[in-house]
Number of protein chains: 2
Amino acid sequence: MTQDRPERADAARNRRAILLATEELLARYRPEQISMEQVATAAGVGKGTVFHRFGSRMGLMHALMAERALALTEAVSTGPPPLGPGAPAAERLVAFLDAVVDVIARNKGLLAALGHADTTVAAKSDEDPRTAHPVYGFWHGHIADLLAAERPDLDAELQAHILLAGLQSRSTLLLLEQGEAERLAAALRVLARALLHAPTQGG
Amino acid sequence: MTQDRPERADAARNRRAILLATEELLARYRPEQISMEQVATAAGVGKGTVFHRFGSRMGLMHALMAERALALTEAVSTGPPPLGPGAPAAERLVAFLDAVVDVIARNKGLLAALGHADTTVAAKSDEDPRTAHPVYGFWHGHIADLLAAERPDLDAELQAHILLAGLQSRSTLLLLEQGEAERLAAALRVLARALLHAPTQGG
DNA sequence: GAACGTACTGGACCGCCAGTCCAGTTGTCC
DNA sequence: GGACAACTGGACTGGCGGTCCAGTACGTTC
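Described in the following lines is the structure provided in the data block. Just so it is clear, the model here is predicted, and its values are computed rather than measured.

Summing up its helical and strand segments, chain A has 11 helices and zero strands in all. If you list the helices and strands of chain A from N to C, you get α-α-α-α-α-α-α-α-α-α-α. Restricting to contacts in chain A with at least 6 residues of sequence separation, those with at least 24 account for 61%.

Below, the structure is given as structure tokens:
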């Protein structure tokens, strides 16, 4: 589909430049301070190019996020246990949560930017956030599956949302900025384990 | 402090009008679609007045939120158990979470707007979100206290943040929009109870 | 290696919005 | 009823996300 015709050399070069410039800006400034024009300038291209390639602020952030999350996606699908298939669901869940904390810790700015982009754009389309944000969808699905495998009596879908929410809130992001990633991971492990051992629910 | 001199009659009238107009707009439109100018027009005042009274978009949303959360604050501080003092911490916690879900369910638009306002303004000041959002601070403190009372071995501060995060995420807000408040409350109860019964953590 | 069609480029441009400013108005106090 | 401060409101500013389209340079074809 995308390969019908290989991306033109200059287009590929600029795409990389834009993603790179975005990363650098995110490392240096708060996401809301970064305008698309700045990204374009930093990448040495025109604003039109940025929008041509990525459609919108949100598209750009999604592309970047997808790239950053790629390794985790692969580790989960085809890598070795406990992240990959093979280990018991409970272990995989804890390992996965740890890994997600890690990805997020190394991409706080991006996460915040994504949140901001989502919010900004939400008004224009009433699409489901999960559809709009494939990385989140994958994470959520994975957590929900593992949770359901271990505890079919729980509302796994929703618990998965809640666990993930704990990683994207403002307070959490603030914590990560202070280098407390391990503390967050620990808390999440406790929470996940507690959930796995929770007293069975009456209907 | 604020009472040194009672608010002038016209000022009070306009403040009410602005808050009311904001509520009505929030009920009808998505928060990001509502501009401060619209609020002003709907309230029948000039834009300058809105900013004079509330300082910024965020200030307006905070004022509205504080008003909406007032009943809960009072119920917790001086009301009857299980919400108010008197009941065991575990019961108070569950009751409080239910109450917060209720407040949030009845103010989804406002919550989303607050999130948006926070994000928008965050760049300008590097204040701690808790300071910036007193209602959140109160909720968080209360949950953390109750949690710590029952389970001193937990990272109550952080777990409280995580529980609250589950109420403010985009997915959650989406759920609430679909009238699934009870489902969310149930999931939170399960999670809180699980946490209260969690296996003790090794240091 | 030259000519051609097309995908890509970039910056001027648009509409919009948060927040500022200040001259005029109105309520309150003495 | 006069004086002073607080309040008011709308014109204005700066900046942003996103569009548009004329020009450019890439890859292809002969």
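This part covers the protein's contact with DNA strand C. Around DNA strand C, a shell composed of 24 residues is seen, among which Val-45, Gly-46 and Gly-48 of chain A together with Ser-35 and Gly-48 of chain B lie nearest. For the surface near DNA strand C, the elements supplying multiple residues, two or more each, are α1 (9-28) and α3 (47-54) of chain A together with α1 (9-28), α2 (36-43) and α3 (47-54) of chain B. Residue contributions to the surface near DNA strand C peak at five residues, all from α3 of chain A.

Moving on, we come to the protein's contact with DNA strand D. Near DNA strand D there are 24 residues, and of these Ala-9 and Ser-35 of chain A together with Val-45, Gly-46 and Gly-48 of chain B occur at the shortest range. Within the residue set of the surface near DNA strand D, elements represented by two or more residues are α1, α2 (36-43) and α3 of chain A together with α1 and α3 of chain B. Broken down by element, the surface near DNA strand D gets its largest block of residues, five residues, from α3 of chain B. Grouping the amino acids of the surface near DNA strand D by side-chain chemistry returns six nonpolar, eight polar and 10 charged.

Residue and element names in this part refer to chain B. For the pair helix α5 (residues 89-105) and helix α8 (residues 134-150), interaxial distance at closest approach is 9 Å and the crossing angle is 155°. Relative to α8, the element α5 is oriented roughly antiparallel. Classified by chirality, the crossing of α8 by α5 is left-handed. Residues Ala-89, Ala-90, Arg-92, Leu-93, Phe-96 and Val-100 of α5 pack against Trp-139, His-142, Ile-143, Leu-146, Leu-147, Ala-149 and Glu-150 of α8. Considering only residue class, the contact of α5 with α8 consists of 10 nonpolar, one polar and two charged.

Of all hydrophobic cores here, the largest spans 117 residues; its most connected members are Ile-143 and Leu-191 of chain A together with Ile-143 and Leu-191 of chain B. With sequence-adjacent residues up to four places away left out, Leu-191 of chain B is seen in contact with Gln-159, Ile-162 and Leu-195 of chain A together with Leu-163 of chain B.

When two helices pack together, their arrangement is captured by the angle between the axes and the distance separating the axes. Residues and elements named next belong to chain B. Contact pair α8 / helix α9 (residues 156-165): the axes reach a minimum separation of 8 Å and the direction vectors enclose 125°. By the angle class used here, α8 and α9 are oblique. For the pair α8 and α9, the sense of crossing is right-handed. Along its contact with α8, which presents Trp-139, His-140, Ile-143, Ala-144, Leu-147 and Ala-148, the element α9 presents Ala-156, Glu-157, Gln-159, Ala-160, His-161, Leu-163 and Leu-164. For the contact of α8 with α9, the class distribution of residues is nine nonpolar, three polar and one charged.

Glancing now at helix α4 (residues 57-78) of chain B. Residues and elements named next belong to chain B. With 22 residues, α4 should reach 32 Å at 1.5 Å per residue; the first-to-last C-alpha distance of 31 Å fits that figure. At Ala-69, α4 shows its strongest bend, of approximately 45°. Within α4, the full set of buried residues consists of Arg-57, Met-58, Leu-60, Met-61, His-62, Leu-64, Met-65, Ala-69, Leu-72 and Val-76.

At 3.6 residues per turn, the α-helix brings residues three or four places apart onto the same side. By the criterion of burial, helix α9 (residues 156-165) of chain A is predominantly enclosed, with nine of the 10 residues buried. Among the residues making up α9 of chain A, those that are buried are Ala-156, Leu-158, Gln-159, Ala-160, His-161, Ile-162, Leu-163, Leu-164 and Ala-165 of chain A. Each element contacted by the buried residues of α9 of chain A is listed here: α5 (89-105), α8 (134-150) and α11 (181-196) of chain A together with α9, α10 (170-177) and α11 (181-196) of chain B.

Thresholds applied
- Residues numbered from 1 in each chain as written.
- Chains lettered and ligands numbered in written order.
- Predicted model: local features only at pLDDT ≥ 70, side-chain atom pairs only at ≥ 80, totals over all residues.
- Helix = DSSP H or I, 4+ residues; strand = E, 2+ residues; numbered from the N terminus.
- Contact = placed C-beta atoms within 7 Å.
- Near = placed C-beta within 6 Å.
- Nonpolar A, V, L, I, M, F, W, Y, C, P; charged D, E, K, R; others polar.
- Axes fitted to C-alpha atoms, helices over the stretch in contact; angles between N-to-C directions.
- Parallel < 35°, antiparallel > 145°, perpendicular 65-115°, else oblique.
- Left-handed = near helix turned anticlockwise from the far one by under 90°.
- Core = buried A, V, L, I, M, F, W, Y, C linked by C-beta atoms within 7 Å.
- Buried ≥ 20, exposed ≤ 12 C-beta atoms within 10 Å, placed from the backbone.
- Expected span 1.5 Å × (residues − 1).
- Bend = angle between axes of the 7 residues up to and from the residue.

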